[in-house]
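Next come the chains, spelled out residue by residue.
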Amino acid sequence: MAVRAEVGKAVVGQDAAVAGILIALLCRGHILLEGVPGVAKTLLVRSVAAALDVQTKRVQFTPDLMPGDVTGSLVYDSSTSEFSFREGPVFTNLLLADEINRTPPKTQASLLEAMEERQVSVDGTSRQLPRPFLVAATQNPVEYEGTYPLPEAQLDRFLLKATMPLPPREDEIAVVTRHAAGFDPRDLAAAGLRAVASAADIEAGAEQVRHVQISPEVTAYIVDIARATRSSPSLALGVSPRGATALLATSRAWAWLNGRSFVTPDDVKSLAQATLAHRLSLRPEAELEGVAVSSVLDAAIGSVPVPR
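Parameters at a glance
Residues numbered from 1 in each chain as written. Predicted model: local features only at pLDDT ≥ 70, side-chain atom pairs only at ≥ 80, totals over all residues. Heavy atoms only, no water. UniProt positions renumbered as here; feature names shortened; annotations may be inferred. Core = buried A, V, L, I, M, F, W, Y, C linked by side-chain atoms within 4.5 Å. Buried < 20%, exposed > 50% of the residue type's maximum accessible area, 1.4 Å probe, protein only. Helix = DSSP H or I, 4+ residues; strand = E, 2+ residues; numbered from the N terminus. Contact = heavy atoms within 4.5 Å. Pairing = 2+ DSSP bridges. Axes fitted to C-alpha atoms, helices over the stretch in contact; angles between N-to-C directions. Parallel < 35°, antiparallel > 145°, perpendicular 65-115°, else oblique. Left-handed = near helix turned anticlockwise from the far one by under 90°. Salt bridge = Lys/Arg side-chain N within 4 Å of Asp/Glu carboxyl O. Arc of directions from axis to C-beta. Polar contact = N/O pair within 3.5 Å; in protein donor to acceptor, adjacent residues only side chain to side chain.

- The name an unreviewed UniProt entry assigns to the protein is MoxR family ATPase, from the organism Pedococcus sp. KACC 23699.
- Per UniProt, the protein has the following entry under Sequence similarities (unreviewed entry): "Belongs to the MoxR family."

Written out as structure tokens, the structure is:
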């Protein structure tokens, strides 16, 4: 895909995260990017925005950030003696919410209406957000001091969670070589990135994704995976019906990106971890035993017969 090729001019590897952002855009959802500092989370989002010719804004979430700093607020205009609304950074196509778990729950919650309803309500007036609208939130998985972990209700609003690992040796050599040759991550135009798709293309793609066929057998397969997580002895919280519909949507988008007009069980399995793992909550005793959510989800998927 042309967008992936353009992003590759700035970001080495991280194909899963790139695909995740594209799937989230096509499904009109949002994505949570998790990785240690320095694995190009911010650069990835900026590169995708540059390749898509959409507006992007970045908010650094901090403990003193207020809800109005994100959504916007009423400002008194002395020349007219009236209050006018000043838009916050959420009024964009692609919002990069950097280190979202560093801000208190009240400010985290200010994003909920925007993410779910695609609008912002201030002083009783609702204002529509532009289309497409995507929140790409990042968080650091290893540093917890001074953070406010996202509650399950907010995690459930993210269509996907993509983990950005440290690169393998070959990719890391490629990264350092690019920097040695003069690559500046703050100047994407100099790296040769150009827009190869527009907001209208994204909307057209989203419409086509909704017409990707999914058989009753594959639909039942998705539901059975969700139900299998609810009966797992290691989980305190399984996948909700919202999670099952999310897996249906991401599987459709993945099938469309791969040039197919129908969903296969392999599409479902390919997207299950990214779509469902962050919606699961381990029992305390399972956490003490060092059980991983990914392995519990794999076991649940493995317990469900694959339709032929």
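1. Focus on the nonpolar core
Then comes step 1: Counting 69 residues, the largest nonpolar core has Val 7, Ile 21, Ile 31, Leu 44, Leu 52 and Val 268 as the members making the most contacts within it.
Then comes step 2: At eight residues, the largest contribution of residues to this core is made by helix α2 (residues 15–26).
Then comes step 3: Those residues within four positions of Ile 31 in sequence are excluded, and the remaining contacts are Ala 17, Gly 20, Ile 21, Ala 24, Leu 134, Val 135, Ala 136, Ala 137, Phe 158, Leu 160 and Ala 162.
Then comes step 4: Phe 85, Val 90, Leu 129 and Val 135 belong to the second-largest nonpolar core, a separate cluster that totals 23 residues.

2. Here we look at the sheet that holds strand β9 (residues 160–163)
Then comes step 1: The parallel open sheet is built from five strands, whose spatial order is β2-β5-β8-β1-β9. Every interior strand has two partners, whereas the edge strands, β2 (56–60) and β9, have only one. Adjacent strand axes in the sheet meet at a mean angle of 20 degrees, parallel and antiparallel pairs treated alike.
Then comes step 2: Taken together, the five bridges between β2 and strand β5 (residues 94–98) define a ladder with parallel strand orientation. The partner of Val 59 across the bridge, within β5, is Ala 97.

3. Re the packing of α2 against helix α3 (residues 41–52)
In a packed pair of helices, the relevant descriptors are the angle between the two axes and the axis-to-axis distance.
Then comes step 1: One can describe the packing of α2 onto α3 by two numbers: an axis separation of 11 Å at closest approach and a directional angle of 55 degrees. The angle between α2 and α3 places the two elements in the oblique class. Where α2 crosses over α3, the handedness of that crossing is right-handed. Residues Ala 17, Val 18, Ile 21 and Leu 25 of α2 form the contact with α3, whose own contacting residues are Leu 44, Val 45, Val 48 and Leu 52.

4. Description of the packing of helix α8 (residues 199–209) against helix α10 (residues 241–257)
Then comes step 1: Two elements in contact, α8 and α10, have axes whose closest approach is 9 Å; the angle formed by their N-to-C orientations is 110 degrees. With respect to α10, the axis of α8 lies roughly perpendicular. At the point where α8 passes α10, the crossing takes the right-handed sense. Together, Gly 205, Gln 208 and Val 209 of α8 and Arg 252, Ala 253 and Trp 256 of α10 make up the contact between the two elements.

5. Here's the deal with the pattern of salt bridges
Then comes step 1: Per the counting criterion, the structure on display carries 12 salt bridges.
Then comes step 2: One salt bridge connects Asp 156 with Arg 279, and the closest N-O pair in it is separated by 2.7 Å. Here the residue Asp 156 occupies a position in the loop between α6 (152–155) and β9, and Arg 279 occupies one in the loop between α11 (265–276) and β11 (281–282), the gap between them amounting to 123 residues. Just as Asp 156 is buried, Arg 279 falls in that class too.
Then comes step 3: Salt-bridge contacts for Arg 260 lead to Asp 267; the nearest nitrogen and oxygen are separated by 2.7 Å.

6. Overview of helix α13 (residues 293–302)
Then comes step 1: Inspection of α13 places Val 293, Val 296, Leu 297, Ala 300 and Ile 301 among the buried residues, and these make up the whole buried set. The buried residues of α13 all sit within an arc of 140 degrees when viewed along its axis, so they share a single face. Set apart from the buried face of α13 by more than 90 degrees, the exposed residues are Ala 299 and Gly 302.
Then comes step 2: Buried residues belonging to α13 abut α9 (216–230), β10 (235–237), α11 and β11.

7. With respect to the environment of Lys 41
Then comes step 1: Relative to the elements of secondary structure, Lys 41 occurs in helix α3.
Then comes step 2: A relative accessible area of 11% means that Lys 41 is categorised as buried.
Then comes step 3: Sequence spacing of Lys 41 and Ala 17 is 24 residues, and the spatial spacing of their C-alpha atoms is 8.9 Å.
Then comes step 4: Sequence-distant contacts of Lys 41, defined by excluding residues within four places in its chain, comprise Leu 33, Glu 34, Gly 35, Val 36, Thr 138, Gln 139 and Met 164.
Then comes step 5: Looking at Lys 41, its side chain comes within polar contact range of the main-chain oxygen of Val 36, at 3.1 Å.

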